[in-house]
Amino acid sequence: LLLIAYSINPKEKILLLCLARLYKDMYKYEESIKIVNELLSINPDCADAYILMAQNYMDTFNYEQALQYYDIAIKLKPDDLNFQHGRAVALKYLERFDESKEILENIVKHDNSTQESKLALSMFYLQNKEFKKGMELYHLSSESLKDTEYGSDNIWDPGKDIDNKTILIYSNCGFGDNIMWSRYLPFLNKKAKNIILKTDIDLVAIMQESFPYISVIKKSDDSPEHDIFLQLMDIQYLLDMDFSNIPSSSGYLRVNEDAVKMFSNLDIFKGTKKKIGLFWQGNKKILKNRSVNYDLIKDFTNNKKYDFYSFQISEAIQETNNFFDLSKHIKDYSDTAALLKNIDLLITIDSSIAHMAGALGVKTYLMLPKVAEWRWFYDEKTTPWYDSVTIFKQKESNNWKEVFDRIKKTL
């Protein structure tokens with residue numbers, strides 16, 4: 001419908017903006033940029049057009065160009081804090097960290113309600129291992145949870161006593177965060193009377209298997225009575241366990257041994273070659289700078305010395321006599337865990353399966369973008385979160401080939 005309207009009136013400003021945004025959301029960046037340029041030729045003072053152009057270049061890893069367009073937009077609307085936030089993100093990916101941090105600090109100072117900038121700033125503090133400062137700001141950035149259907153009048157705040165209380169923990173973050181922060185549940189259990197973990201359905205089985213002394217329920221279940229409502233990532237903050245004493249780095253999740261044995265009897269695991277698991281593509285909207293092109297994977301699996309196993313769920317692969325698709329065997333993370341126990345090595349991008357493998361003590365090569373998430377700090381080879389994980393970080397932004405070349409040499 002937009003294209004029909006565009007063919008009728010190709011100079012309508014709002015129409016051009018909507019069409020460019022749609023192309024961007026469809027990952028058709030060239031088309032989006034073309035339409036934005038048409039819009040700017042008609043209206044060179046349209047700040048929203050410059051922002052959209054910047055976002056297109058951010059998504060395609062052209063951070064210098066993105067920054068130039070953010071600068072133009074800010075000149076047109078200097079008081080727009082959303083534009084300032086976008087500029088801070090571009091600076092971060094250009095590794096101009098001090099400038100980015102300064103902008104975020106100014107945004108939070110002028111508008112204490114801006115949750116997105118609070119969250120981004122908290123990540124800066126955490127990456128620099130400023131534990132208290134980062135966790136306090138993260139907690140404040142998540143206050144909007146009080147207003148959701150999962151919220152509670154009894155939400156935990158620093159200083160609130162939890163001894164001998166029933167605590168409802170809500171996993172307000174991604175699957176990887178759920179796995180990563182579950183390591184703190186045994187320590188919280190020593191303080192609380194009862195713990196109820198409300199998590200994603202795909203994690204219920206593995207969490208109950210690993211932590212049998214707590215109750216694990218689905219997010220869709222009604223919340224039982226509780227004294228304290230706690231966000232999952234606040235556990236570490238509550239326990240005051242900073243980054244100098246990260247526990248259970250050798251592994252803390254339990255796997256169903258019957259499932260491990262069942263999978264080991266599959267014909268695809270009967271070979272004598274070294275078994276390498278692969279995961280290369282996550283959520284494209286969230287993991288833009290973390291996903292690897294499938295052509296690199298196909299080239300990598302041409303090595304007949306190894307057997308390879310795809311842990312991708314939604315990405316179909318063409319199986320060969322040494323490259324196997326595991327998706328049909330995976331219903332939830334309990335299956336993923338059992339399959340991981342049947343391989344020798346996992347090679348993966350920064351996604352939930354990396355945390356699962358690390359939490360099981362499975363040997364893992366973790367491929368990180370040049371500017372990685374805060375949790376990996378600035379480490380280049382190892383991580384205090386998981387002893388079994390070795391880091392392979394990009395030396396050049398978006399250059400995964402060089403990362404694979406190093407992995408091949410290591411193998």
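Please read all numbers here as calculations on a predicted model, not as lab measurements.

1. Concerning the side chain of serine 291
You can see serine 291 is positioned in the loop between strand 5 (274–279) and helix 15 (294–300). Note on serine 291: relative accessible area 14%, which makes it buried. One polar contact links serine 291 to glutamine 281, side chain to side chain, over a distance of 2.8 Å. Residue contacts for serine 291: discarding those within four places in its chain leaves Trp280, Gln281, Gly282, Ile349 and Trp400.

2. Comments concerning the nonpolar core
Residues Ile169, Leu188, Phe311, Leu340 and Trp385 are the most contacted members of the largest nonpolar core, which totals 94 residues. Looking at this core element by element, the count peaks at six residues for helix 17 (residues 352–360). Not counting residues within four places of it along the chain, the set of residues in contact with isoleucine 169 comprises Leu185, Leu188, Ile195, Ile196, Leu197, Lys198, Leu230, Gln231, Leu232 and Ile235. Ranked by size, the runner-up nonpolar core spans 41 residues in total, among them Leu15, Tyr23, Tyr50 and Ile74.

3. A few points about the pattern of salt bridges
Taken as a whole, this structure holds 21 salt bridges when the rule is applied. Of the charged contacts in the structure, one is a salt bridge between aspartate 71 and arginine 87, with a shortest N-O distance of 2.5 Å. With aspartate 71 in helix 5 (residues 63–76) and arginine 87 in helix 6 (residues 81–93), this pair connects stretches of sequence that are 16 residues apart. Given the relative accessible area of 27%, aspartate 71 is considered partly exposed. Note that arginine 375 and aspartate 177 form a salt bridge whose closest N and O atoms lie 2.7 Å from each other. Of the two residues, arginine 375 is situated in the loop between strand 9 (364–368) and strand 10 (382–383) and aspartate 177 in helix 10 (residues 175–181); the sequence distance between them amounts to 198 residues. Arginine 375 gets classed as buried once you look at its relative accessible area, which sits at 4%. According to the relative accessible area criterion, aspartate 177 is buried, its value standing at 13%.

4. Focus on the packing of helix 2 (residues 13–25) against helix 4 (residues 47–59)
Two elements in contact, helix 2 and helix 4, have axes whose closest approach is 11 Å; the angle formed by their N-to-C orientations is 10°. Comparing their axes, helix 4 and helix 2 come out roughly parallel. Where helix 2 crosses over helix 4, the two elements pack in a sense that is left-handed. Listed contacts from helix 4 to Leu17, Ala20, Arg21 and Lys24 of helix 2 are Asp48, Ala49, Leu52, Gln55, Asn56 and Asp59. Its residues assigned to classes, the contact of helix 2 with helix 4 shows four nonpolar, two polar and four charged.

Here is what the cut-offs are and how they apply
- Going along each chain's sequence as written, the residues are numbered from 1 onward.
- Predicted model: local features are reported for residues with pLDDT of at least 70 only, side-chain atom pairs are reported and counted for 80 or more only, and whole-chain, interface and lining totals are derived from all residues.
- Side-chain metrics rest on all non-hydrogen atoms present in the structure, leaving aside hydrogens and water.
- Strands are runs of DSSP state E lasting at least two residues, helices are runs of H or I lasting at least four, and both sets are numbered from the N terminus onward.
- For the exposure calls, accessible area comes from a 1.4 Å probe over protein chains only, and a residue counts as buried if that area is under 20% of its type's maximum, exposed if over 50%, partly exposed in between.
- Residues adjacent in sequence count toward polar contacts only when both atoms are side-chain atoms; beyond that, a polar contact is any pair of N or O atoms within 3.5 Å, and within protein one must be able to donate a hydrogen and the other to accept it.
- Residue contacts are counted whenever heavy atoms from the two residues lie within 4.5 Å of one another.
- By nonpolar core we mean a set of buried residues, namely Ala, Val, Leu, Ile, Met, Phe, Trp, Tyr and Cys, connected to one another through side-chain atoms within 4.5 Å.
- Salt bridges, as used here, are contacts in which a Lys or Arg side-chain nitrogen is within 4 Å of a carboxyl oxygen on Asp or Glu.
- The axes used here are C-alpha line fits, helices contributing only the stretch in contact, and every angle between their N-to-C directions lies in the interval 0 to 180 degrees.
- Note on angle classes: values under 35 degrees are labelled roughly parallel, values over 145 roughly antiparallel, values of 65 to 115 roughly perpendicular, and the remainder oblique.
- Crossing handedness is defined as follows: a turn of the near helix away from the far one that is anticlockwise and smaller than a right angle gives a left-handed crossing, while the clockwise case is right-handed.
- Residue polarity follows a fixed list, in which Ala, Val, Leu, Ile, Met, Phe, Trp, Tyr, Cys and Pro are nonpolar, Asp, Glu, Lys and Arg are charged, and the others, Gly among them, are polar.

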